[in-house]
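Geometric and topological summary
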Amino acid sequence: MSHRADSLVILDFETTGLSPDVGDRAIEIGAVRLVNGEVTERFQELMNPGRRVSAFIEDYTGISNEMLVDADCCESVMDRFADFIGSDNLIAHNASFDKRFLDAELARINRTYCGDFSCSLLLSRRIFQDAHSHKLGELVRFSNIESSGGFHRALYDSEMTAKVWMKMLENIGERYGLFDIPFELIQKLTKTPKKGIDKVLSGYSC
DNA sequence: TGCCAGGCCCTCTTTAGGGCCTT
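Below you will find a few notes about this structure. For every chain, the first residue of the written sequence is number 1, and numbering continues from 1 along that sequence. The naming scheme follows written order: chains are lettered A onward, ligands numbered 1 onward. For a predicted model such as this one, the threshold for reporting local features is a pLDDT of at least 70, and the threshold for listing and counting side-chain atom pairs is 80 or more; totals across whole chains, interfaces and linings nevertheless cover every residue. Calculation of side-chain values draws on the structure's entire complement of heavy atoms; hydrogens and water are dropped beforehand.

1. Things to note about the protein's contact with DNA strand B
- Here, proximity means that at least one heavy atom of the residue falls within 4 Å of the molecule or strand. DNA strand B sits among 29 residues. The nearest are Asp21, Phe56, Tyr60, Arg126 and His134.
- Those atoms of DNA strand B that come within 4 Å of the protein belong to sugar or phosphate at a rate of 55%.
- The separation between a base oxygen of DNA strand B and a polar side-chain atom of Arg125 is 3.5 Å.
- Going along the chain from the N terminus, every DSSP run of H or I of four or more residues is numbered as a helix, and every run of E of two or more is numbered as a strand. Of all elements in the fold, only β1 (7-15), α1 (55-61), α4 (95-108) and α5 (120-127) reach the threshold of two or more residues within the surface near DNA strand B.
- When residues in the surface near DNA strand B are grouped by element, the largest group, five residues, is from α1. Pairing of N or O atoms within 3.5 Å defines a polar contact, subject to two protein rules: one partner must be a possible hydrogen donor and the other a possible acceptor, and residues neighboring in sequence count only if both atoms are side-chain atoms.

Below, the structure written as structure tokens:
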């Protein structure tokens, strides 16, 4: 199945913990669709994981058990989110984390997706090598992106990730004269050792 | 706040260990 080359979904999960392999579930999904660098759609829904979340998660995310009581179950929300994704390629900050939860939650409802995942954390380690940290909040500050500080909610973090993503593309454009950067090039960059990105990007410059 | 898991990435490396990121 082909992907929409100019359309990306940047997503972020809030969850009960760090790994679906030990029984953790999603409690919120947030996402924005970027078309030609502009946010055209947003998705945000809480979902009831079927059990109480820990005090740590309540503090960390601001999502309380009370807020989840009336939320739809994960299966219903993820079904709608699979529709939202469509055939777009996907981005997340530390994508290996979000991909594990996306795969696990969609597997429960026998749904899948066909886009490819890319990771803003891996890209930032290569493009923003001077950043002291590559945590999302630090990259927002490093990039001089205006922020209300409302991190750790799914839509907010996906919006911030999208802004950091665009800053990185702008940086590539300014440094290498590349202003139409194919997703495949980003994929290649995130698999290239830091020392090798100049060679990869110079090879694409005209 | 994170000890949980897992992939990336660096180094005193590759026959390994540990920090960084995500919740």
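2. Some thoughts on the pairing of β1
- Relative accessibility under 20% of the residue-type maximum defines a buried residue, over 50% an exposed one, and the middle range a partly exposed one, all with a 1.4 Å probe and only protein chains included. Within β1, nine of the nine residues are buried, which leaves it mostly tucked inside the rest of the structure.
- Alternating positions in β1 separate into two faces, Ser7, Val9, Leu11, Phe13 and Thr15 on one and Leu8, Ile10, Asp12 and Glu14 on the other, with burial throughout.
- Being paired, for any two strands, means DSSP has found at least two bridges between them. Note that β1 and strand β4 (residues 89-92) share three bridges and pair parallel. Looking at β4, one finds that Ile10 is bridged to Ile91.

3. Section: unusual backbone geometry
- Despite not being glycine, Asn36 has its phi angle at roughly 50 degrees, a positive value.
- Here Asn36 lies in the loop between β2 (26-35) and β3 (38-46).
- The phi torsion at Asn144 lies on the positive side, around 55 degrees, for a residue other than glycine.
- Within the secondary structure, Asn144 sits in the loop between α6 (136-142) and α7 (154-176).
- Judged by its relative accessible area of 69%, Asn144 is exposed.

4. With respect to the side chain of Asp157
- In this structure, Asp157 sits in helix α7.
- Note on charges: Lys and Arg go in the positive column, Asp and Glu in the negative column, and His and the chain ends are not counted at all. We define a salt bridge as a side-chain nitrogen of Lys or Arg found within 4 Å of a carboxyl oxygen belonging to Asp or Glu. Here Asp157 sits buried without a salt bridge, and the closest side chain of opposite charge, Arg153, lies 8.8 Å off (N-O distance).

5. Digging into the pattern of salt bridges
- Scanning the model with the defined rule gives 12 salt bridges in all.
- Put simply, Arg141 and Glu138 hold a salt bridge, and the shortest N to O gap is 2.9 Å. Placement of both Arg141 and Glu138 in helix α6 is noted, with a separation of three residues, approximately one turn of the helix.
- The class of Arg141 is exposed, set by a relative accessible area of 52%.
- By relative accessible area, which is 31% here, Glu138 ends up partly exposed.
- Among the charged side chains, a salt-bridge network with shared partners connects Arg25, Glu75 and Glu105.

6. Quick notes on the packing of α5 against α7
- As a packed pair, α5 and α7 sit with axes 11 Å apart at the nearest point and diverge in direction by 35 degrees. In this structure, α5 crosses over α7, and the sense of that crossing is left-handed. When α5 is examined against α7, the residues Ser120, Leu123, Ser124 and Ile127 are found in contact with a partner set consisting of Thr161, Trp165, Met168, Asn171, Ile172 and Arg175.
- For this scheme, ten residues count as nonpolar: Ala, Val, Leu, Ile, Met, Phe, Trp, Tyr, Cys and Pro. Four count as charged, namely Asp, Glu, Lys and Arg, and the remainder, Gly too, count as polar. When grouped by side-chain class, the residues that make up the contact of α5 with α7 number five nonpolar, four polar and one charged. Here, axes are lines fitted to C-alpha atoms. For helices the fit covers the stretch in contact, and angles between N-to-C directions go from 0 to 180 degrees. Helix crossings fall into two classes, left-handed where the near helix is turned counterclockwise from the far one by less than a right angle and right-handed where it is turned clockwise. Note on contacts: a residue pair qualifies if any of its non-hydrogen atoms lie within 4.5 Å across the two residues.

7. So, the layout of surface pockets
- Residues are called lining when one of their atoms sits within 4 Å of a cavity or pocket point, these points coming from a 1 Å grid over the protein atoms alone, where a cavity is a set in which a 1.4 Å probe fits but cannot get out and a pocket is an open set with protein on both sides within 12 Å along at least five of seven lines. Grid points are joined across faces, edges and corners, and a volume is the space filled by probe spheres set on the points. By volume, the largest pocket amounts to about 700 Å³.
- Around the largest pocket sit 25 residues that line it, and Asp12, Tyr60, Phe97, His152 and Asp157 are the ones nearest its centre.
- Looking at the lining of the largest pocket, the elements with two or more residues in it are β1, α1, α4, α6 and α7.

8. Focus on the environment of Met160
- With respect to the element layout, Met160 can be found in helix α7.
- Along the sequence, Met160 and Ile145 sit 15 residues apart, while their C-alpha atoms lie 8.2 Å from each other.
- What Met160 contacts, discounting residues up to four positions off in sequence, is Leu136, Val140, Ile145, Glu146, Ser147 and Phe151.

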